[in-house]
Amino acid sequence: MTNSTRRLQPGGTVKVQKAMDVSGPRRFSLQRLDGESAPVHLSTGRCQIGSHNLNDLVIDHPSVSRFHCEVGMDANGPWLKDLGSSNGTEVDGVGAREVLLRDGSLIKLAEAVTLSFRLLAEKSDLPLSRKDEFGVLIGGSPVMRACFAQLERAAETSRPLLIEGETGTGKTTAAEQIHANSARKLQPFITVDCSSLSAEALEETLFGVDGQRLSAFEEAGWGTLFLEEVGELSPRLQGRLMPVLEKGELRRTNSTATVAVRARLIASTRKDLRQLVNQNKFRTELFFRLAVVRVMMPPLRQRLEDIPDLVEVFLGQAGANEEEATTLRSDEFLRRLQLGSWPGNVRELYNHVERCMLMQAPLTPQETVREGLPPRVDAKRSYAEGRRVALELFEREYVEALLKAHSGKISEAARAAGMDRAYLHRLVRRHGLKTRA
């Protein structure tokens, strides 16, 4: 059950009751069995392990990758994720990429170092926000309130920030709300999507062209520049970005002069940049500069208790009246939603609630994309709103069928559909669909 209550009020507003304090996840310890170090007790909910000094636990060994693996705790228990290490990770004698741990598990890094994992009795002192919202973001679950605490602190500083998370978790919204709650809120908020532009267009957008156009940094002025999907930057553009972060200056294309940069940089990524660093596809020093402050937006599957509140807010945003909302806030319907996997996360849930309103029925996620489902028209909506919802439903079904017909290959699908590859990428991300490289 969620710790906050939101009920639809007349006019589509939402009444909010503050969440109660809850404890964080259990603490755990990691100890090298070769006696090289004392046990490391973790109270932050996760531990990043590798040879680079940016890690929480540094293992100075030539066979250990710069960012080797990560250990953490969530509602499902302790887990380990290999970060694309060169020589692999074993848990209890078995090769592991993502696996749940048990008390006493042995973690072997690259056939060289073995760590013992132990659960501790006490709870972590992971800071939790006293609020169950941050701007338009909501969630009373412990994982979201821990996230809100990070976002609150991020809004108080002007240092570079990296927002990580899967598609649809709210990375863009988080960046917007950080800006809106910062001292820069009256200044511009400029967004550049690194995945939707060609390398040449992206370079011109980011760094400008001398005598022709200003850079995005200059357009942002004293405000915020938000780089979406920064993991898509080419090595060349990664190199050009370094002086901006190191010295606060940039050089426009076709110019030797430098320009002072005043804007704050926030970047987001759905990819794990640590894996790209291990693969030499992302510069270590750029990751270090961007990751001065890191915020992970939790996937919906880690905060299922927030679904009733999210649905309530979505109903309010869609302008549902009490009669329309009744079936979509029933305990049975909400339980069914909490059993879903939601690979598209909060964005997918929002689209699903809209489809249920369009169809005037509490559908399961699978039913909303079933082939041959007849369209339903809600005459209570404005024409523009009804058309938008119907087109979005068609858009998802079309793109999903297109990817299926071409085995998830984005370039092949784009050619067959006669659309730009970058635009198809945006549609895929918007609806939380999966592709193949």
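Please read all numbers here as calculations on a predicted model, not as lab measurements.

### A look at the overall build of the protein chain
Across its full length, the protein chain carries 14 helices and 22 strands. Across the protein chain, every contact between residues at least 6 apart in sequence was considered, and the portion connecting residues at least 24 apart equals 62%. Carbon and sulfur atoms make up 49% of the accessible area of the protein chain, which amounts to about 21100 Å² in all.

### Remarks on helix 14 (residues 421-430)
For helix 14, every residue scored as buried is listed here: Ala 422, Leu 424, His 425, Leu 427, Val 428 and Arg 429. Downstream of helix 14 by one or two residues, Gly 432 has phi in the positive range, about 65 degrees.

### Notes on the packing of aromatic side chains
In the structure shown here, the tally under the stated rule is four aromatic pairs. Between Phe 67 and Phe 287 the ring centres are 5.2 Å apart and the planes differ by 75 degrees, which places this aromatic pair in the edge-to-face class. Taken together, the positions of Phe 67 in the loop between strand 6 (57-58) and strand 7 (69-74) and Phe 287 in helix 7 (residues 284-290) put the pair 220 residues apart, joining distant regions of the chain. Comparing Phe 67 with Phe 287 shows no difference in burial state: the two are buried. Cation over ring: Arg 240 sits above Phe 207, and NZ or CZ is 4.3 Å from the ring centre.

### Re the confidence of the model for the protein chain
When the pLDDT values of the protein chain are averaged, the result is 84; 85% of them are 70 or greater. Between residues 1-5, whose pLDDT stays under 50, and residues either more than four places distant or in other chains, the model counts 16 contacts. This model gives residues 368-376 a pLDDT under 50, and the stretch forms 17 contacts once residues within four places in sequence are excluded.

### Description of the sheet that holds strand 21 (residues 264-269)
Read across the sheet, five strands follow the order 17-18-21-16-22 without closing on themselves; strand pairing throughout is parallel. The outermost strands of the open sheet, each flanked by one partner alone, are strand 17 (189-193) and strand 22 (293-296). Here the strands of the sheet are splayed against their neighbours by 20 degrees on average, with no regard to which way each runs.

### Description of the packing of helix 3 (residues 199-207) against helix 5 (residues 235-247)
Viewed as axis vectors pointing N to C, helix 3 and helix 5 meet at an angle of 5 degrees, and their least axial separation amounts to 11 Å. What the angle tells us is that helix 3 and helix 5 run roughly parallel. From helix 3, Ala 199, Leu 202, Glu 203 and Phe 207 reach across to helix 5, where they touch Arg 236, Leu 237, Arg 240, Leu 241 and Val 244. A per-class count over the contact of helix 3 with helix 5 returns six nonpolar, no polar and three charged.

### Considering the nonpolar core
Note that soluble globular proteins tend to have their nonpolar side chains buried in a common cluster. Formed by 34 residues in total, the largest nonpolar core has its most connected members in Leu 206, Phe 217, Leu 225 and Leu 227. Looking at this core, the elements that each hand over two or more residues are helix 3, helix 4 (216-220), strand 18 (224-228), helix 5, strand 21, helix 6 (273-278) and helix 7. With five residues, helix 5 is the largest single contributor of residues to this core. Each residue touching Phe 217, except ones within four places of it in the same chain, is listed here: Leu 206, Leu 225, Leu 241, Val 244, Leu 250, Val 261, Ala 263 and Leu 265. In this structure, Ile 307, Ala 318, Leu 334 and Val 353 belong to the second largest nonpolar core, which totals 25 residues.

### Remarks on the environment of Ala 110
Of note, Ala 110 is situated in the loop between strand 12 (106-109) and strand 13 (113-123). The class of Ala 110 is buried, set by a relative accessible area of 8%. Placed 25 residues apart in sequence, Ala 110 and Ser 85 show a C-alpha to C-alpha distance of 8.4 Å.

### Concerning the pattern of salt bridges
A side chain with one charge may pair with a side chain of the opposite charge, provided their charged atoms come close. What the rule picks out here adds up to 21 salt bridges. The shortest N-O distance in the salt bridge between Glu 70 and Arg 46 comes to 3.2 Å. Remark: Arg 46 occurs in strand 5 (residues 46-50) and Glu 70 occurs in strand 7; sequence separation between them is 24 residues. Judged by relative accessible area, which is 4%, Glu 70 ranks as buried.

### What to know about unusual backbone geometry
Non-glycine residue Ala 110 carries a positive phi angle of around 55 degrees. The backbone of Glu 229 sits at a positive phi, close to 55 degrees, despite the residue not being glycine. Position of Glu 229 relative to the elements: it lies in the loop between strand 18 and helix 5.

### Things to note about the packing of helix 8 (residues 307-317) against helix 10 (residues 331-338)
Viewed as axis vectors pointing N to C, helix 8 and helix 10 meet at an angle of 115 degrees, and their least axial separation amounts to 10 Å. On the basis of the axis angle, helix 8 is roughly perpendicular to helix 10. Relative to helix 10, the crossing made by helix 8 is right-handed. Taking contact as the criterion, the partners of Ile 307, Pro 308 and Val 311 in helix 8 are, on helix 10, Leu 334, Leu 337 and Gln 338. The residue makeup of the contact of helix 8 with helix 10, split by class, is five nonpolar, one polar and no charged.

Definitions and cut-offs
- Residues numbered from 1 in each chain as written.
- Predicted model: local features only at pLDDT ≥ 70, side-chain atom pairs only at ≥ 80, totals over all residues.
- Heavy atoms only, no water.
- Helix = DSSP H or I, 4+ residues; strand = E, 2+ residues; numbered from the N terminus.
- Contact = heavy atoms within 4.5 Å.
- Areas by Shrake-Rupley, 256 points an atom, 1.4 Å probe, with all protein chains shown as cover.
- Buried < 20%, exposed > 50% of the residue type's maximum accessible area, 1.4 Å probe, protein only.
- Phe/Tyr/Trp six-rings, centres within 6.5 Å; stacked < 30°, edge-to-face > 60°.
- Lys NZ or Arg CZ within 6 Å of the ring centre and 35° of its normal.
- pLDDT = per-residue confidence, 0-100.
- Pairing = 2+ DSSP bridges.
- Axes fitted to C-alpha atoms, helices over the stretch in contact; angles between N-to-C directions.
- Parallel < 35°, antiparallel > 145°, perpendicular 65-115°, else oblique.
- Nonpolar A, V, L, I, M, F, W, Y, C, P; charged D, E, K, R; others polar.
- Core = buried A, V, L, I, M, F, W, Y, C linked by side-chain atoms within 4.5 Å.
- Salt bridge = Lys/Arg side-chain N within 4 Å of Asp/Glu carboxyl O.
- Left-handed = near helix turned anticlockwise from the far one by under 90°.

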